[in-house]
Amino acid sequence: MAILNIEPNIAQPDDFYEALIDMHRDLDAEQSRMANAHLILLLANHVGDEAVLREAMQRARALVPTSSDVSTRPA
Amino acid sequence: MANVDREYQGLAFDYVRSPDQDARVAVRHPVVVVGAGPVGLTAAIDLARRGVPVVVLDDDHKLSVGSRAICFAKRTLEIWDRLDCGDQMVEKGVSWNVGRVFFQDERVYSFDLLPDSGHRRPAFINLQQYYCEGYLHERTAVLPAVDLRWRNRVTGVTPDAEGVTLAIDTPDGPYALRADHVIACDGSRSAVRSLMGLESKGRVFRDRFLIADVRMKADFPAERWFWFDPPFHPNQSVLLHRQPDNVWRIDFQLGWDADPDLERQPERVRPRIRALLGEDAEFEFEWISVYTFACLRMERFRHGRVIFAGDSAHGVSPFGARGANSGVQDADNLAWKLALVLAGKAPDRLLDTYGTEREYAADENILNSTRATDFITPKSDESRVFRDAVLRLAKDHPFARRLVNSGRLSTPATLHGSALNTPDAEAFGGAMVPGSPMTDAPGTMRGHPAWLLSCTGDVFTAILFAGDRGFDEATIAAIRALGTDGIPVKVLIVTAAGATVPSVDGIDYFADDDGAVAARLDARPGTCYLLRPDQHVCARWRTFDADRVRAAVARATCND
């Protein structure tokens, strides 16, 4: 494992983050979902390496709180 | 106007009483094929050409109704070429190589399934199934070894150690037959399968599709057109194929909630077609059907002396044209093995490899067909979001075109890891690994233009690449000796363009005029490929050695 680079790799993190949020400006939830899908597909192709992509997908899913986590959280 | 196709669609075959029906003891036959569809007829023709007498039983007395299977793939045509009935199919059929994909109101991209030239056959032909069956039927009619019996319905299957007893119902009442082997090609609702208490299991898709065969004058090209979510049929998919005789096949996705009885009413279908073609379009209906589908297969295709082939053994969704095409490949795989076993030249376990090889192929077909179905009919909101994102990207982003899945169209399975393959001991490039169906290539044979595949098959064939000087006498003697073995090996010598190799009587020379054979097989002088009777590569070497060829034949026939 650890083929996926999880160390800092973006030179100007605040600039990137701002651009990411900007990408969604004036979009409704459905449109944002589309834009995210486009972004994921574009980046996935750029990465190309299937092992890296699978590790990223696994990490992305693992971070989703399970339903019991959600229900025990204070409102 | 005389309409040959009308005649095929309307043909009704006579029930003819067989002398077997008057026998006091059930008459024994080496092979009984159940089902006279494309798969059963292909198996019967292949076996009969090998000298095996075949009885074919069919519960009906007509050819298929409507276009049904419609798309016949290059490999299927090559198999029919080997059986001398490919020309008729291709002359009548509409040849095509290109598929075009649309999303909403835009053309997204197109793909070419056969970008290389130098192949005898196109990627696909479209041909109504009744023509296909009609031509195969005509082929059986000139083979005295095929005894085709219409309106013979199998009502009982009783296997025992020595054979199988079949109970058969006819217009004259019941009779029984004994068979050494039964090949069940009786379709997705196989009577043989249910009579034996066996099942085909898998995944049923909750979707319905409308098929309309319409006769009209139209100027769409001979391409496969697939629409995702078009304005004329929102939120669903539509598929258009051109067929012979100005007949067009249109498949409309309807969704699971559609009422099949209502949807097949012509007055209900007409506006759907007008929406596609325009309000003033003129057409008449040939056939309308509503279908659902499943991806399933039997756990094993061989049950002792009863062997399942085609839809009886496995089912796929229609996207990819992997149903009839894989069934014809089943027949291609089985016939030579069964003929060798019946002749006492190979042990019974060779028939087990029919099961393992074709179960492997069925899994590949089911995987491809399931993935296509999940793309065409997304099962969740998120799946649909990604599907539509891929389609939106595809127009201007080449990478996304590879993700669009409107059906991964039928290509034959490469039988990686088959026990019949002799693994490579030397380095080779290219696609022709052991287990792959041999590719085609153009050349010259005996002074006439020829195709590589047409010079191979039926028996084991060694393709041997000559250097500029040909082969010495000892090698020529070894090549001749292979031809007289118990399981003979025909040797085809391939000569490079411009080479003046001295020819030897009784040996076939194929001139590789364009260098395509050498390129596609990564060949050098001395390279030798061994093909099975079904044209699959089973071994290859960088130098010719008759003993290694014999060992590979023994391995490919379970005689090792």
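Residues numbered from 1 in each chain as written. Chains lettered and ligands numbered in written order. Predicted model: local features only at pLDDT ≥ 70, side-chain atom pairs only at ≥ 80, totals over all residues. Heavy atoms only, no water.

*Asks:* Requested: an account of the overall build of chain B, with residues and values cited.
*Replies:* Each helix and strand counted, chain B has 15 helices and 28 strands in total. Here the C-alpha radius of gyration of chain B, 25 Å, is about what a compact globule of 560 residues would show, namely 24 Å. Projected onto its principal axes, the C-alpha positions of chain B cover 75 × 70 × 50 Å. The 560 residues of chain B split such that 59% are buried. Restricting the contact set of chain B to residue pairs at least 6 apart, pairs at least 24 apart contribute 72%. (Helix = DSSP H or I, 4+ residues; strand = E, 2+ residues; numbered from the N terminus. Rg over C-alpha atoms; globule rule 2.2 N^0.38 Å. Buried < 20%, exposed > 50% of the residue type's maximum accessible area, 1.4 Å probe, protein only. Contact = heavy atoms within 4.5 Å.)

*Asks:* Describe the interface of chain A and chain B, listing the residues and the values that go with them.
*Replies:* Across the contact, nine residues belong to chain A and 11 residues belong to chain B. The tally of links between chain A and chain B comes to two residue pairs in polar contact (both at pLDDT 80 or more). Its residues placed into classes, the side of chain A that touches chain B shows five nonpolar, two polar and two charged. (Polar contact = N/O pair within 3.5 Å; in protein donor to acceptor, adjacent residues only side chain to side chain. Nonpolar A, V, L, I, M, F, W, Y, C, P; charged D, E, K, R; others polar.)

*Asks:* Go over the nonpolar core with me, naming the residues and quoting the values.
*Replies:* Residues and elements named next belong to chain B. By size, the foremost hydrophobic cluster in this structure holds 100 residues, and its most contacted members are Trp80 and Leu530. The biggest single contributor to this core is helix α9 (residues 323-342), with 10 residues. Among the nonpolar cores identified, the runner-up in size contains 41 residues, and Ile211, Tyr291, Val316 and Phe399 belong to it. (Core = buried A, V, L, I, M, F, W, Y, C linked by side-chain atoms within 4.5 Å.)

*Asks:* Would you mind going over the environment of Arg151(B) in detail, with residue names and values included?
*Replies:* For Arg151(B), the location among the structural elements is in the loop between β8 (146-149) and β9 (153-159). With sequence-adjacent residues up to four places away left out, Arg151(B) is seen in contact with Tyr15(B), Asp58(B), Asp59(B), Asp60(B), His61(B), Asp169(B), Thr170(B) and Pro171(B).

*Asks:* Tell me about the domain arrangement of chain B, and please be specific about residues and values.
*Replies:* Residues and elements named next belong to chain B. Domain parsing of chain B yields domain 1 (4-92 + 127-201 + 298-367) and domain 2 (442-556). Distance between the C-alpha centres of domain 1 and domain 2: 32 Å. Domain 1 puts 13 residues into the contact, and the matching count from domain 2 is 11 residues. Buried area between domain 1 and domain 2, summed over both chains or domains, comes out near 1,100 Å², and the portion from carbon and sulfur atoms is 45%. Taken together, domain 1 and domain 2 are joined by three salt bridges. Two residues, Arg82 and Asp458, come together in a salt bridge whose shortest N-O distance is 2.8 Å. Where domain 1 packs against domain 2, one counts eight residue pairs in polar contact (both at pLDDT 80 or more). (Domains from an automatic or database assignment. Buried area = accessible area lost by both parts, 1.4 Å probe. Salt bridge = Lys/Arg side-chain N within 4 Å of Asp/Glu carboxyl O.)

*Asks:* I'd like to hear about helix α3 (residues 50-62) of chain A, residue by residue, with values.
*Replies:* Here α3(A) is 13 residues long and its end C-alpha atoms lie 18 Å apart, about the 18 Å a rise of 1.5 Å per residue gives. Taking the backbone nitrogen of Ala51(A) as reference, a side-chain oxygen 2.9 Å away marks Asp49(A) as the first, capping residue of α3(A). (Expected span 1.5 Å × (residues − 1).)

*Asks:* Go over the pairing of strand β1 (residues 27-34) of chain B, please, and point to the residues and values.
*Replies:* Here seven bridges tie β1(B) to strand β11 (residues 173-184) of chain B, and the two strands are oriented parallel to one another. Directly across from Val34(B), in β11(B), lies its bridge partner Ala184(B). (Pairing = 2+ DSSP bridges.)

*Asks:* Tell me about the sheet that holds strand β14 (residues 224-228) of chain B, residues and numbers included.
*Replies:* In a beta sheet, neighbouring strands are held together by backbone hydrogen bonds and run either parallel or antiparallel to one another. Residues and elements named next belong to chain B. An order of β6-β5-β14-β15-β16-β13-β17 is seen for the seven strands of this open sheet, with the pairing classed as mixed. Whereas interior strands pair on both sides, the edge strands pair on one side only; in this sheet they are β6 (106-112) and β17 (284-291). Recorded for the sheet is a direction-independent mean angle of 15° between the axes of neighbouring strands. Across six bridges, strand β5 (residues 98-103) lies against β6 in antiparallel orientation. Its bridge partner lying in β6, Val101 is registered against Tyr109. The sheet strands contacting helix α11 (residues 381-394) are β5, β6 and β14, and the helix crosses β5 at an angle near 110°. (Axes fitted to C-alpha atoms, helices over the stretch in contact; angles between N-to-C directions.)

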